[in-house]
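These are the residues of each chain, in order.
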Amino acid sequence: MSESCALSFAAICQPMNEQSEMEVPVVNFGKIGVIRCRRCRAYVNAFVKWRSSGRKWQCNLCSAMNEVPDVYQSPLDGQSGRRVDLLERPELCNSSYEIIAPDEYTIRAPQSPAYMFLIHVNTKMVQSGALQWILDCILACVDGLPGEERTRIAFGTYDSKIHVYSMKQGAKMPQMLTIPDVEDPIMPAPWDDIFVVKETFKDMVNVLLEKLGEMFLETTDEGNCMGSAVDLMCTITQQIGGKLSVFNWGRPNVGKGVLVDRAAALPSQEPERLHELQLGKKREVEDYYVKAVDATKYQLSIDLYQFADHEFCDLGILREMCLFNGGDLRFYPAFRNSVHGTMLYQDLRRSLTRETGRSSET
């Protein structure tokens, strides 16, 4: 469309709009299958044109002519050319409608709602107060996560090492499992001991969130193995998928996906070249772009909450981890507890409580 009209334009799509004044109708096409344009794959809608006494319809996007299934045909009004059953078909008299997807539109059976939290626990994250805001918000929202008894949840932390938390029936406390080899991390326990059903281990999850801040209160570790930690979490969650929230401070400096200070390599007398750091084609590390693509295979979305003080954190590369998989990026530069703490809490709360679509296909 942009090429044909020779104009620059943007489209804003807001599915699941919570401020809508009307309920979006739901359509089930049943055995005839979803009716779409054979050329551009547009769905039948209120703006298509009906031809040949209702036996064909013309796409309003690409003008292709399409056959109408016998059971979907309807006589046309002699004056207006509209179908006489127009008002009985929500898809033909509304600008928006939802479709119940048939089995062929799904890659696998719908999975349980799932949430994974991967938190950087280095010195700056702890001392800044950001860690406590994160834990407090998750603790406040965990009981209200959708899915009730089906919801799964997993926790991981990292610094120069990776830590995951195993929860088993009969145990009173979660067990912290440490993976020191961040170059080639392996799963230290069965995935379903780490990625657990929230309702079954509700008390243990609450204990972990209450104690996690104390566990790293005296840390002096400045390591950041985010790349390796994300890879391990993807391995743990690949059976189910879901939402992975990553809370990271600064640049990864150990393990996979190490990022150097690219800003230091630019001549100080040429500040206009700083924009080069924001360009994807200038990246020297492909790890985070690849992680974004891999996440789509697992039906996993990645939200990145990126923190920094005054160092260069290379957001131009790290942001790519949220591409393609429906993830969001939130950046807190020069993080200060008194200024950004409430903002962080509200951002995370919104992400965990908003209406969310899962296993979406196109």
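Throughout what follows, the structure given in this document is the object of discussion. (Residues numbered from 1 in each chain as written. Predicted model: local features only at pLDDT ≥ 70, side-chain atom pairs only at ≥ 80, totals over all residues. Heavy atoms only, no water.)

**Observations concerning the overall build of the chain**
Now for step 1: Helix and strand content of the chain: 10 helices and 13 strands.
Now for step 2: If you line up the chain on its principal axes, its C-alpha atoms span 80 × 65 × 40 Å.
Now for step 3: The contacts of the chain with a sequence gap of at least 6 include a subset with a gap of at least 24, amounting to 72%.
Now for step 4: Each charge class in the chain can be summarised by its mean position, and for the 39 positive and 48 negative side chains these summaries are 7 Å apart. (Helix = DSSP H or I, 4+ residues; strand = E, 2+ residues; numbered from the N terminus. Contact = heavy atoms within 4.5 Å. Lys, Arg positive; Asp, Glu negative; His and termini not counted. Charge placed at Lys NZ, Arg CZ, Asp CG, Glu CD.)

**Concerning helix 6 (residues 202-215)**
The α-helix advances 3.6 residues per turn, and as a result positions three or four apart in sequence lie on the same side.
Now for step 1: The terminal C-alpha atoms of helix 6, which comprises 14 residues, lie 20 Å apart, in line with the 20 Å expected from a rise of 1.5 Å per residue.
Now for step 2: Bending of helix 6 peaks at approximately 30 degrees at the position of Leu209.
Now for step 3: Turning to helix 6, its buried residues number three or more, namely Met204, Val205, Asn206, Leu208, Leu209, Leu212 and Gly213. (Expected span 1.5 Å × (residues − 1). Bend = angle between axes of the 7 residues up to and from the residue. Buried < 20%, exposed > 50% of the residue type's maximum accessible area, 1.4 Å probe, protein only.)

**A short note on the sheet that holds strand 3 (residues 56-58)**
Now for step 1: The 3 strands are arranged 2-3-4 in an open sheet whose pairing can be described as antiparallel. Strands at the two margins of the open sheet, each flanked by one partner only, are strand 2 (49-51) and strand 4 (65-67). Across this sheet, the average inter-strand angle for adjacent strands is 35 degrees, counted without regard to direction.
Now for step 2: Direction of pairing for strand 2 relative to strand 3: antiparallel, over a ladder of 3 bridges. Residue pairing in the sheet places Lys49 in a bridge with Gln58 of strand 3. (Pairing = 2+ DSSP bridges. Axes fitted to C-alpha atoms, helices over the stretch in contact; angles between N-to-C directions.)

**A word on the side chain of Ser166**
Now for step 1: Here Ser166 shows up in strand 8 (residues 162-166).
Now for step 2: With near-sequence residues (within four places) excluded, Ser166 lies in contact with Pro174, Gln175, Leu177 and Asp193.

**Some remarks on the layout of surface pockets**
Rolled over the atoms, a probe as big as a water molecule pinpoints where empty space is left.
Now for step 1: Estimates place the volume of the second largest pocket at around 190 Å³.
Now for step 2: Lining the second largest pocket are 13 residues, with Ala46, Val48, Lys49, Trp50 and Arg82 sitting closest to its centre.
Now for step 3: If one sorts the elements of the lining of the second largest pocket by residue count, strand 2 sits on top with 3 residues.
Now for step 4: Here the lining of the second largest pocket is composed, by residue class, of 6 nonpolar, 3 polar and 4 charged. (1 Å grid on protein atoms, 1.4 Å probe; cavity = no way out; pocket = protein on both sides within 12 Å on 5 of 7 lines; lining within 4 Å. Points joined across faces, edges and corners; volume = space filled by probe spheres on them. Nonpolar A, V, L, I, M, F, W, Y, C, P; charged D, E, K, R; others polar.)

**Observations regarding the state of the cysteines**
Now for step 1: If you walk through the whole model with that rule in mind, you get 0 disulfides.
Now for step 2: Counting only cysteine sulfurs, Cys37 is the nearest neighbor of Cys62, a cysteine outside any disulfide, at a range of 3.5 Å.
Now for step 3: Owing to a relative accessible area of 19%, Cys62 belongs among the buried residues under this scheme.
Now for step 4: Unpaired in terms of disulfides, Cys137 finds its nearest cysteine sulfur in Cys141, a separation of 4.1 Å.
Now for step 5: When its relative accessible area of 0% is taken as the criterion, Cys137 is described as buried. (Disulfide = S-S within 2.5 Å.)

**What to know about the packing of helix 4 (residues 130-141) against helix 10 (residues 337-353)**
Now for step 1: With their axes 9 Å apart at the nearest point, helix 4 and helix 10 run at an angle of 30 degrees to one another. The angle between helix 4 and helix 10 falls in the class roughly parallel. Once helix 4 is placed against helix 10, the crossing between them reads as right-handed. Contacts from Ala130, Trp133, Ile134, Asp136, Cys137, Ile138, Ala140 and Cys141 in helix 4 reach Asn337, Gly341, Thr342, Leu344, Tyr345, Leu348, Arg349, Leu352 and Thr353 in helix 10.
Now for step 2: Split into classes, the residues belonging to the contact of helix 4 with helix 10 amount to 11 nonpolar, 4 polar and 2 charged. (Parallel < 35°, antiparallel > 145°, perpendicular 65-115°, else oblique. Left-handed = near helix turned anticlockwise from the far one by under 90°.)

**Quick word on the nonpolar core**
Now for step 1: Among the nonpolar cores identified, the biggest contains 36 residues, and Ile134, Phe155, Phe247 and Phe307 are the most heavily contacted of them.
Now for step 2: Residue assignment for this core shows that the elements contributing at least two residues are strand 6 (114-120), helix 3 (123-127), helix 4, strand 7 (152-158), helix 6, strand 11 (242-249), strand 12 (300-307) and helix 10.
Now for step 3: Considering every element that reaches this core, the biggest residue donor is helix 4, with 7 residues.
Now for step 4: Residue contacts for Ile134: discarding those within four places in its chain leaves Ile119, Met125, Phe247, Phe307, Leu344 and Leu348. (Core = buried A, V, L, I, M, F, W, Y, C linked by side-chain atoms within 4.5 Å.)

**Points about the pairing of strand 8**
Here is the key point about a regular strand: its side chains alternate between the two faces of the sheet.
Now for step 1: Counting buried positions over the 5 residues of strand 8 gives 5, a clear majority of the element.
Now for step 2: As judged from the 3 bridges shared by strand 7 and strand 8, these two strands associate in the antiparallel manner. The residue bridging Thr157 from the neighbouring strand is His163, located in strand 8.
Now for step 3: Hairpin connection, strand 7 to strand 8: the antiparallel pair is bridged by 3 residues.
Now for step 4: Inspection of the sheet shows strand 8 paired to strand 9 (residues 175-179) by 5 bridges, in the antiparallel sense. Within strand 9, the residue paired with Ser166 across the bridge is Gln175.

**Things to note about the side chain of Asp159**
Now for step 1: Here Asp159 shows up in the loop between strand 7 and strand 8.
Now for step 2: One buried charge, Asp159, has no salt-bridge partner; the nearest side chain with opposite charge is Lys161, at 5.7 Å.
Now for step 3: Within the local environment of Asp159, its side chain forms a polar contact with the side chain of His163, the two groups lying 3.4 Å apart.
Now for step 4: Beyond its immediate sequence surroundings of up to four residues, Asp159 is in contact with His120, Val121, Phe216, Asp221, Gly223, Asn224, Cys225 and Val254. (Salt bridge = Lys/Arg side-chain N within 4 Å of Asp/Glu carboxyl O. Polar contact = N/O pair within 3.5 Å; in protein donor to acceptor, adjacent residues only side chain to side chain.)

Spatial relationships are all this shows, so hold off on functional conclusions.
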